[in-house]
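# Summary of the model geometry
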Amino acid sequence: MGSRSTVLVSGEAGIGKTSLIRATMDGAAELSTLVGWGTCWSGGGAPGFWPWMQALDDLTHAIGRDAAIAAAGDDRGRLAALIRELGPVSESTEDPDRQRFLLLDAAVRWLENISAHQHVAIVLDDLQWADASTLDLLDHLVAAPADARLLILAAYRHDELDHETRTRLTTLGSHTDHIHLEGLALEDVEELATSICGPELAKTLARDLHSRSGGHPLFVRELAKLSEAGSGGELPTAITGALTRRLEALPAQCRRILDAASVLGNRLLPDVLSAAVDSPVSEVVSHLEAAKHAGVIRSGPTEDLWFTHDLFRETVYGHLSLTEQARLHARVGEALEARSRRGVRVAPGDLARHFAHAVTATDPAKAIHWARLAAGDERSRAAFRESSAHLHRARLAAVDVGWTIEPDLLVEILIEEADARARSGDPDGARELLAEAAAAAPTPQQEADVALAVQRLGAKFAAPRGEIIAQLESALGSITGVDVSRQARVTAALARELQHSVFQDRHRAGPLSEEALALARDSEDDDTLASCLLARHDALWVPGTGTARSVLGQEIAVVGARLGDTDRLAEGLLLQANGLLEAGSPGFRPVLDRWFGLLEQRNEPRDRYLVQTRRAALALLDGDADRAEELMHSAAALGEKIHEPDTGNVLMSQRVALARVRNDPDELALLATDAVAWWTGAPVLAHAVAAGARAAAGDLEAAAREVAMVSAAGGWQSEDSYLRSVLVADLAVAVTALHDTDLCALLLNDITALTDSCGVNGAVVAFAGPFAHAAGLLATELGDVDLAGRMLDRSIETARGLGATVWIEQGLSAQRALAAKQAGPVSASMSRSDRIWTLSFGDERASVPHVKGLADIAVLVQQRGREVPALQLFGGPSGVSGSVEELIDLEALAAYRDRLDELQFEIDQATSDADLARLDPLVEERDQLLTEVRRATGLGGRLRTVSNDPAERARKAVTGRIRDAIRSLGSLTPGLAGHLDRSITTGLRCAYLPTGADASVRWRVDV
């Protein structure tokens, strides 16, 4: 067992699956292999991950609690949901899918850690009864990279699988080894019979035993024993007959204990059986000796007792009347309750199962009580299907015995069950439960609770917003003046729904959020206050409100700290930092540093993702493009792994900022295409970003088309969220490059009131620059020199306060362009003598040492208006523009993107015509093409290139040395540096392309 392997063992009941595995484990024990054994439960109601919990518990006891905790590391709180010895389960408000994935991932890591230096075996028996969570973890473990000394043996009855389990095991079987056990051959039957009744009788009986048993080992064994005993009459034709005979031969007191044991499960607990049958533990153990001698039960590796085969337990249980089953479930449940009170760990799901079966013999309220505890326990493991099943089973059990659940309790249960049902992937079932809860709600308080549950469901599963709003408004009418806290929560929820509703209804969100916050302060309930503060923050989240929102974020953090809720605390700190950044306050950095410290201390996978993305945002702010890109793609890989839903949007947003830092025409062109393909749900943003990128890349014709698309999509004025602050910066670049004075005037008028603030995408996802910078560009184009000067001064001052290196440089460059426009035509020259360059630009003069970047600039200036391959400047053959792989990608991507444009037009037309039959296949084709585009480009949209491709190496080298040369001129000849920075484009092809006032510069180059 040098690396992980998985073996599935299938066959009918009693064929020898468990015996084969047990023999294998006996051999493994000689190699000091740690063994964890878990058995699935047939009666329904077992906790999610039940066999895994048993197996991991075995391993924990084998290695010791300290070693188990060390192996868990940072996953300890999460893994405690499966391994109770690790301590309390950490609370989580993560998305259900991500929460479940992280638990599965943590379990795999724990197993890999403990099997890094020793052999480990996991046995999962009776997998035909496995819950969905058990199969999920098995799937996840098999799919993970195999780098551990781990053996997984999973046994199941192939003829008792339901459709879903059969499908999943069939899929799993394609990645594992599979052993299917069938009947013994004639010679094997004779050998088995010999061990029971001796060689002479075995030889005589072998053919008849083989014929009657079909070679089934358990049948052979039972029939041989009957023959050895000289039992007359017809031999049994079914195994249950043989098992029944053996059980009937046991003493009555032993059979009475086995009746209770069949209810308890495969593992027999003497103290529980003692309480169930009202006999001392010593007597119970003594009476069970007869069953052990008869082979009905056996001792486990730690001297605990088990049924030898589950068929024995099933046979005993099947002979009990329904009344006796219910009575014994009640006695066993009560005994397990007593066990729990003594401090012994008992799974709430086990108690819920027993009391659900015992409703006719005990108080049905117990079934409800334990079902709710079990449901909460399952939620801690993200086993939402099992959580829902516990509540559903208890409700039906109460109905079956005619017990009426009090309306207020019923509504609470239905809300809990709906939440679990939705999280398990059944939103339709959840909606039905909430409709039932709404009909049963006896009080305004519960009507409000149901409406809030409907709103939470809609937020996750896109329920019709109109229906949600209507239900919230109805609940608000009932709860007003009855319960201040609930009234505040419903008002806040309504505000948030209206904020994200159609444009005509958004005006109601602000006043409602104010009202909710006032009510929350009166309620003196911190949970309510935190919810209402967040609603108020979101209602205000538009450009120019950074200061007010930073105050709300700070209060959210204070309330979170008061509640001991680190998620609320972290959320508040991030919103506070974001508000301060938008307001242009340097105070955003210490707040963000505190946020970093909190998340790095917790070090959850999602925390690591959030930290990496925000550190990338800071690197972009500071102008460190390479560090930012590294962090962006590292975060994106982690985000994909943990199913962070906004991973793609965050990366695209940061690519916009990265392209602004690099100013690489190829990167800008790719960004423009990808922005339109990615942000299909936000066309104004997509086309504004594309317009700015196309203009910066020098493709003014394409930029004009994108600006027209912005207007066609409703114009920038239609976007009144924080996204407006992002797209304004890109539009300003585009319309000034296009010399569209009408649009420049409209845009300048629109942002005049915002010039003391900055644009930020998301919560510190990507800085979009001071509004004053955009205003300065627009005023320059419009010829308002005084306003342009004031705005650019303000922009540079704000950027310096924030440490926004890129925006300082861009502000200075814009100032130089303004000065050049005022000064009129400028003469410039470059000449080289040996290792010295002499430069002039208007009144500026400088002599500087030779660097390769200056030679590159001289070539580009001499070939004004022409593209020069970077490979030619670098000194290689100019005919190569990229690797074969990259050229193939470019051709494919061009075709894909042409088709995407066609599809978007057809989708818009089908949507307008309400032609659903035509719309569905178009949307499906678009989604498939987008998937292929993202595969070809990677999540970040960068073409997949060979790392040692000469054209790519030349692009990086030439771009770096040209930009370094320009930066070195900044302190000596700032006018020249600004002119070159604005006029030279770099990438796979480089060019000197001056526009506007820069186009009037007259050059003389002497090399």
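See the structure shown above.
Let me begin by describing the structure that accompanies this report. Each chain carries its own residue numbering, running from 1 in the written order of its sequence. With pLDDT at 70 or above as the cut-off, local features in this predicted model cover only qualifying residues; side-chain atom pairs require 80 or more to be listed or tallied, and sums for whole chains, interfaces and linings still use all residues. Hydrogens are left out, water is left out, and the side-chain values use all remaining heavy atoms of the structure.

### A look at unusual backbone geometry
Across residues other than glycine, the phi torsion is negative in most instances, and most of the peptide bonds are trans. Cut-off, in case you're wondering: Put simply, DSSP H or I for four residues or longer makes a helix, DSSP E for two residues or longer makes a strand, and each gets a number counted from the N terminus. A simple rule labels every residue: compare its accessible area, found with a 1.4 Å probe on the protein chains alone, to the largest value its type can have, and call it buried under 20%, exposed over 50%, or partly exposed in between.
For phenylalanine 49, which is not glycine, the phi torsion reads 65° and is therefore positive. Structurally, phenylalanine 49 can be placed in the loop between β2 (34-39) and α2 (50-63). Overall, phenylalanine 49 belongs to the buried group, its relative accessible area being 0%. Positive phi outside glycine occurs at asparagine 663, with the angle close to 55°. Topologically, asparagine 663 is positioned in the loop between α32 (647-662) and α33 (665-678). Accessibility expressed as a relative area gives 25% for asparagine 663, which makes it partly exposed.

### Here we look at the sheet that holds strand β4 (residues 150-156)
Rule in force here: Strand pairing is assigned whenever DSSP detects at least two bridges linking the two strands. Interaxial angles span 0 to 180 degrees and are taken between N-to-C directions of axes, which are lines fitted to C-alpha atoms, for helices over the stretch in contact. Contacts: residue pairs with any heavy atoms within 4.5 Å of one another.
Spatially, β2-β3-β4-β1-β5 is the arrangement adopted by the five strands of the open sheet, whose pairing is parallel. The open sheet has two edge strands, β2 and β5 (177-180), and neither has a second partner. Going from strand to strand, the sheet's axes swing by 15° on average, the running direction of each strand aside. Summarising the sheet, strand β3 (residues 120-125) and β4 pair through five bridges and their orientation is parallel. Note that in β4 the partner of alanine 121 across the bridge is leucine 151. Across the sheet, α2 lies against β2 and β3, angled at about 155° from β2, the strand it touches most.

### Concerning the packing of aromatic side chains
The test is simple: A pair of aromatic rings is counted whenever rings of Phe, Tyr or Trp (Trp by its six-membered ring) have centres within 6.5 Å, and the orientation is called stacked for planes under 30 degrees apart, edge-to-face for over 60 and tilted otherwise. The criterion for a charge sitting over a ring is simple: Lys NZ or Arg CZ within 6 Å of the ring centre, and within 35 degrees of the ring normal.
Taken as a whole and assessed by the stated rule, the structure comprises three aromatic pairs. It is arginine 615 that lies over the ring of phenylalanine 596; its NZ or CZ is 3.8 Å from the centre.

### Let's talk about the pairing of strand β13 (residues 844-849)
Burial of β13 is one-sided: the residues Glu844, Ala846 and Val848 facing one way are buried, the residues Arg845, Ser847 and Pro849 facing the other way are not. The pairing of strand β12 (residues 836-841) with β13 spans six bridges and is antiparallel. Each bridged residue has a counterpart across the sheet, and for isoleucine 836 the counterpart in β13 is proline 849. Joining the antiparallel neighbours β12 and β13 is a turn of two residues, in which glycine 842 adopts a positive phi near 60°.

### Here's the deal with the pairing of β4
Most of β4 sits inside the fold, with seven of its seven residues counted as buried. Taking every second residue as pointing to the same face, both faces of β4 are buried, with Leu150, Ile152, Ala154 and Tyr156 on one and Leu151, Leu153 and Ala155 on the other. Relative to β4, strand β1 (residues 5-10) is paired through six bridges, and the arrangement is parallel. Within β4, the residue paired with valine 9 across the bridge is alanine 155.

### Quick notes on the nonpolar core
Applicable threshold: The definition of a nonpolar core used throughout is a set of buried Ala, Val, Leu, Ile, Met, Phe, Trp, Tyr and Cys residues joined through side-chain atoms within 4.5 Å.
Counting 69 residues, the largest nonpolar core has Phe588, Leu592, Trp595 and Phe767 as the members making the most contacts within it. Look past the residues within four positions of tryptophan 595 in its chain and what remains in contact with it is Ala570, Leu573, Leu574, Leu610, Val611 and Arg614. Core analysis: the second largest hydrophobic core is formed by 50 residues, Trp679, Trp716, Leu747 and Ala775 among them.

### A word on the side chain of aspartate 483
Convention followed: Polar contact criterion, stated in full: a pair of N or O atoms within 3.5 Å, where within protein one must be able to donate a hydrogen and the other to accept it, and residues adjacent in sequence count only if both atoms are side-chain atoms.
Relative to the elements of secondary structure, aspartate 483 occurs in the loop between α23 (465-479) and α24 (484-499). Engagement of the side chain of aspartate 483 in a polar contact is seen with the backbone nitrogen of serine 485, the distance being 3.1 Å. A distance of 2.9 Å separates polar atoms of two side chains, one belonging to aspartate 483 and the other to arginine 486.

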